[in-house]
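Fold and geometry: a report
Single-letter residue listing:
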Amino acid sequence: MIITIDTNKPEPGPFATDQEYAQFVMSNAALSYQVQYGTATPDEGITAAREAYNASLPPPQPAPETAQGNEDEHATDIDTENVDQG
């Protein structure tokens, strides 16, 4: 689905299609972001909103290291195959 942002004040429905409704919602969101972030255009408002959202996310966690090649000198191997089940 391709959404075209309407920079005029979008008119509320009724909407004949999901596409029309999505365009209405996105156009209003873009206009709202323009006002909220004090930007010159709705597109700049969307960019500012995206940047604010991304900045609010926690930093990405580093990928866990694999055990291979990263032996911990304090680690203990446990033999689970020869454990007394009694």
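For the structure, check the block above.
Okay, so let's go over this structure. (Residues numbered from 1 in each chain as written. Predicted model: local features only at pLDDT ≥ 70, side-chain atom pairs only at ≥ 80, totals over all residues. Heavy atoms only, no water.)

1. Some words on the overall build of the protein
Of the regular secondary structure elements, the protein holds 2 helices and 0 strands. By the burial criterion, 14% of the 86 residues in the protein qualify as buried. Expressed as a percentage of contacts within the protein between residues at least 6 apart in sequence, the contacts between residues at least 24 apart total 13%. (Helix = DSSP H or I, 4+ residues; strand = E, 2+ residues; numbered from the N terminus. Buried < 20%, exposed > 50% of the residue type's maximum accessible area, 1.4 Å probe, protein only. Contact = heavy atoms within 4.5 Å.)

2. Re helix 1 (residues 18–37)
Look at helix 1: 28 Å from first C-alpha to last across 20 residues, which is about the 28 Å you get at 1.5 Å a residue. Among the residues making up helix 1, those that are buried are Ala22, Phe24, Ser27, Ala30, Leu31 and Gln34. Check the buried side of helix 1 and you find it contacts helix 2 (42–56). Within two residues after helix 1, Gly38 carries a phi angle of roughly 60°, on the positive side. (Expected span 1.5 Å × (residues − 1).)

3. As for the packing of aromatic side chains
Counting across every chain of the model gives 3 aromatic pairs. Summarising the aromatic geometry, the rings of Phe15 and Phe24 are spaced 5.0 Å apart at their centres and angled 40° between planes, so their arrangement reads as tilted. Ring geometry for Tyr33 and Tyr37: centres 6.5 Å apart, planes at 55°, overall tilted. Here Tyr33 pairs with Tyr37, and both are found in helix 1, just 4 residues apart, close to one helical turn. When its relative accessible area of 31% is taken as the criterion, Tyr33 is described as partly exposed. You can call Tyr37 partly exposed: its relative accessible area is 33%. Put simply, the rings of Phe15, Tyr21 and Phe24 pair up and form one aromatic cluster. (Phe/Tyr/Trp six-rings, centres within 6.5 Å; stacked < 30°, edge-to-face > 60°.)

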